[in-house]
Amino acid sequence: REVSSTWAYPTTVLCLYGFFANCRVAEPFLTPYLIGPHKNISEEVVTNYLFPIWTYSYLAFLFPVFLLTDFLRHKPLITVQGLFLVTNYLLLCFAPGLLAMTVLQVNYAVVTSTEVAYFSYIYSIIPVEHYQRATGYLRSAMLTGYTFVSTQPSLLDYLYINAITLGIVSMAFLISFWLPMPQRSMFFKGKNAAAVGSQSQQEGPVGADCSGSGNEEMEHNGRAGWCSRGNVANAGRLLWQSFKESYSSRHLIYWSLWWALATAGYVQVFNYIQLMWDHIEPSATSTIYNGGVEAACSLVGAAAAFSVGHIKVTWAVWGELALGLFSAVGTGAIFLMVLTSSIWACYAGYVIFKSCYMFLITITAFQIASNLSMECYALTFGINTFVALSLQTIMTGIFVDEAALGLDIVTQFIIYGSYYAVISVLFLIRGTYTACVRQQHHSEQTGMKDQEHETGVEVISAEHF
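Reading the values: rules and limits
Residues numbered from 1 in each chain as written. Predicted model: local features only at pLDDT ≥ 70, side-chain atom pairs only at ≥ 80, totals over all residues. Heavy atoms only, no water. Helix = DSSP H or I, 4+ residues; strand = E, 2+ residues; numbered from the N terminus. Buried < 20%, exposed > 50% of the residue type's maximum accessible area, 1.4 Å probe, protein only. Contact = heavy atoms within 4.5 Å. Areas by Shrake-Rupley, 256 points an atom, 1.4 Å probe, with all protein chains shown as cover. Salt bridge = Lys/Arg side-chain N within 4 Å of Asp/Glu carboxyl O. Expected span 1.5 Å × (residues − 1). Axes fitted to C-alpha atoms, helices over the stretch in contact; angles between N-to-C directions. Left-handed = near helix turned anticlockwise from the far one by under 90°. Nonpolar A, V, L, I, M, F, W, Y, C, P; charged D, E, K, R; others polar. Polar contact = N/O pair within 3.5 Å; in protein donor to acceptor, adjacent residues only side chain to side chain. pLDDT = per-residue confidence, 0-100. Core = buried A, V, L, I, M, F, W, Y, C linked by side-chain atoms within 4.5 Å. Domains from an automatic or database assignment. Phe/Tyr/Trp six-rings, centres within 6.5 Å; stacked < 30°, edge-to-face > 60°. Parallel < 35°, antiparallel > 145°, perpendicular 65-115°, else oblique.

1. Some thoughts on the overall build of the protein
Across its full length, the protein carries 19 helices and zero strands. A total of 465 residues make up the protein; the buried ones form 53% of that total. Sequence separation of 24 or more characterises 87% of the internal contacts of the protein that already satisfy a separation of 6 or more. Total accessible area on the protein stands at roughly 20700 Å², and carbon and sulfur atoms take up 66% of it.

Below you can see the structure in the form of structure tokens.
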């Protein structure tokens, strides 16, 4: 218990899990694998039928998984994610037919919906003063895992790449068992546990020092009352209180707004970028370098995410402007991918876009986590992700799904670029306004201090005279 109570041990184990869980060397070649001789599914079916199923399933799973994450205290859901990752690549390697690939999309929706457990687990078990560094390390581990997707198809068949990935994600599944179990649930507490927690918060640091038997009693009482009707009502009250606290600050609302808007656009680009690459340079007739590109942009993104833990910037003043500026860079990168006929220019645009997003989402996660309690952060993470996924589902339902417009891939990316342009303009305006107001306020305070100092000098001089 002493080892697992320090921040270094759970952070290290979770980083290892994040590395292996995201070291999916087959992922950059999913589209060529599906439309190639192994699965022999048409590009239209992949774009307008299979991928939308993942989006709709993800939305359906997200909120129930969020509640289960807290009810079961994070770790079991991380283990479930590892298990479904293994199932995902078993289906890809050994299950033929369109029906199996439809099941695959639902299976993968479970994997992505349980990411809330990966990102919120660490805040439930480490002290708040380590949030910034831990956030940077977790993002870096995840992105470093993406870096190891550089296996080239000219050297290895797609089926073998999927088999290698199956072995790697199996390691992640095993590592998940090493994670220490958080000592309490955030919302699903028994009545006695909730009373003890409330009393501890009122007592402050003195009450917080009381551990050992008190914590064990709280945990025992909490477990005994988990499934009671009163506990469900108490969980509902805690959720509502946390919701009001999470979105009571205008500053946090703007950070959350960017999170939801930008993530929706990012996931759409991420999901369909392989189809754009295949449109520019078909994989059936040329050598593709999808893996190397993912490795390059993940290295840059990992370096950016890692640097967040060591950057000293007053984000309350410059954060919103940074969101606008880097979103504008991402907008330019998307339009570069759309307008170019060179696969290398398209690759470069994707590297720039993904790196900007990873840098900003790390800052956003840290800013929100450092200003909220653990309960409020987890709820905010879930709500922001749900809003992002809802927006993504709307875009998919209108522009991608064959039952609606069913647009071609180029037109889709023009829409995504325009979407990001709107985000960048909104936050450039808001960021400029915030920076100017803060600067003016700072100047007024400085002027008042100077005036007080001059008045004090005049008084002293008069007394001396």
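2. Points about the environment of Tyr 347
Mapped onto the elements of the fold, Tyr 347 is located in helix α17 (residues 343–370). For the pair Tyr 347 and Ile 273, spaced 74 residues apart in sequence, the C-alpha separation works out to 9.6 Å.

3. Description of the pattern of salt bridges
Under the criterion given, the structure shown has two salt bridges. A salt bridge links Arg 430 to Glu 320; the shortest N-O distance between them is 3.2 Å. Here the residue Arg 430 occupies a position in helix α19 (residues 409–464), and Glu 320 occupies one in helix α16 (residues 315–339), the gap between them amounting to 110 residues.

4. Comments concerning helix α2 (residues 8–22)
Between its first and last C-alpha atoms α2 spans 21 Å; for 15 residues at 1.5 Å apiece the expected length is 21 Å, and the two agree. Buried residues of α2: Pro 10, Thr 11, Val 13, Leu 14, Cys 15, Tyr 17, Gly 18, Phe 19, Ala 21 and Asn 22, and no others.

5. Examining the packing of helix α4 (residues 43–71) against helix α6 (residues 98–113)
Axis separation between α4 and α6 bottoms out at 8 Å; the angle between their running directions is 35°. As for the relative orientation of α4 and α6, their crossing is right-handed in sense. Only Leu 98, Met 101, Thr 102, Gln 105, Val 106, Tyr 108, Ala 109, Val 110, Thr 112 and Ser 113 of α6 make contact with α4, whose side of the interface consists of Val 45, Tyr 49, Leu 50, Phe 51, Ile 53, Trp 54, Ser 57, Tyr 58, Phe 61, Leu 62 and Val 65. Split into classes, the residues belonging to the contact of α4 with α6 amount to 16 nonpolar, five polar and no charged.

6. As for the side chain of Asn 384
Along the chain, Asn 384 turns up in helix α18 (residues 374–400). Only 3.3 Å separates the side chain of Asn 384 from the side chain of Ser 256, close enough to count as a polar contact. Look past the residues within four positions of Asn 384 in its chain and what remains in contact with it is Tyr 247, Ser 256, Trp 259, Ala 260 and Ile 368.

7. Thoughts on the confidence of the model for the protein
Mean pLDDT over the protein stands at 77; residues scoring 70 or higher make up 75%. Model confidence for the protein, summarised as mean pLDDT per element, is weakest for helix α11 (residues 205–208) at 34 and strongest for helix α5 (residues 75–94) at 93. Counted against residues more than four places away or in other chains, residues 1–5, with its pLDDT under 50, gives six contacts. pLDDT under 50 marks residues 190–226. Its contacts with residues more than four places away, or in other chains, come to 27 contacts.

8. Things to note about the nonpolar core
For soluble globular proteins, the rule of thumb is that nonpolar side chains tend to be buried together. Counting residues in each nonpolar core, the largest one holds 119 residues, and the members touching the most others are Trp 258, Met 337 and Phe 413. Counting the residues that make up this core, at least three belong to each of domain 1 (7–180) and domain 2 (248–464). Setting aside residues no more than four positions away along its own chain, Met 337 makes contact with Val 269, Ile 273, Met 276, Ile 280, Cys 346, Gly 349, Tyr 350, Phe 353 and Phe 413.

9. Some remarks on the packing of aromatic side chains
Evaluated as defined, the whole model comprises 18 aromatic pairs. On the basis of an interplanar angle of 40° and a centroid distance of 5.3 Å, the ring pair of Trp 54 and Tyr 58 is categorised as tilted. Highlighted residues: Trp 54 and Tyr 58, both in helix α4, separated by four residues, approximately one helical turn. Here the two residues Trp 54 and Tyr 58 agree in accessibility, since each one is buried. Both rings, one in Phe 173 and one in Phe 177, keep their centres 5.3 Å apart while their planes meet at 75°; by these two values the pair is edge-to-face. Phe 177 sits in the partly exposed class, given a relative accessible area of 46%. One aromatic cluster is present, built from ring pairs that chain together Trp 258, Tyr 266, Phe 270, Phe 353, Tyr 357, Tyr 419 and Tyr 420.

10. Comments concerning helix α9 (residues 158–175)
Its 18 residues give α9 an end-to-end C-alpha distance of 26 Å, which sits within 8% of 26 Å, the value for a rise of 1.5 Å per residue. Listed in full, the buried residues belonging to α9 are Tyr 158, Ile 161, Asn 162, Thr 165, Leu 166, Ile 168, Val 169, Ala 172 and Ile 175. Residues of α9 that are buried in the fold lie against α2, α3 (30–35) and α5. The opening residue of α9 is Asp 157, an N-cap whose side-chain oxygen sits 2.9 Å from the backbone nitrogen of Leu 159.

11. Section: the side chain of Glu 320
According to the relative accessible area criterion, Glu 320 is buried, its value standing at 4%. Polar side-chain contacts of Glu 320 include one of 3.2 Å to the side chain of Arg 430.

12. Re the packing of α2 against α9
Where α2 meets α9, the closest approach of the two axes is 8 Å, and the angle between their N-to-C directions is 155°. Taken together, the axes of α2 and α9 lie roughly antiparallel to each other. As for how α2 packs across α9, the hand of that crossing is left-handed. The residues of α9 that touch α2, namely those facing Val 13, Leu 16, Tyr 17, Phe 20 and Ala 21, are Ile 168, Val 169, Met 171, Ala 172 and Ile 175. Looking at side-chain class alone, the contact of α2 with α9 contains 10 nonpolar, no polar and no charged residues.

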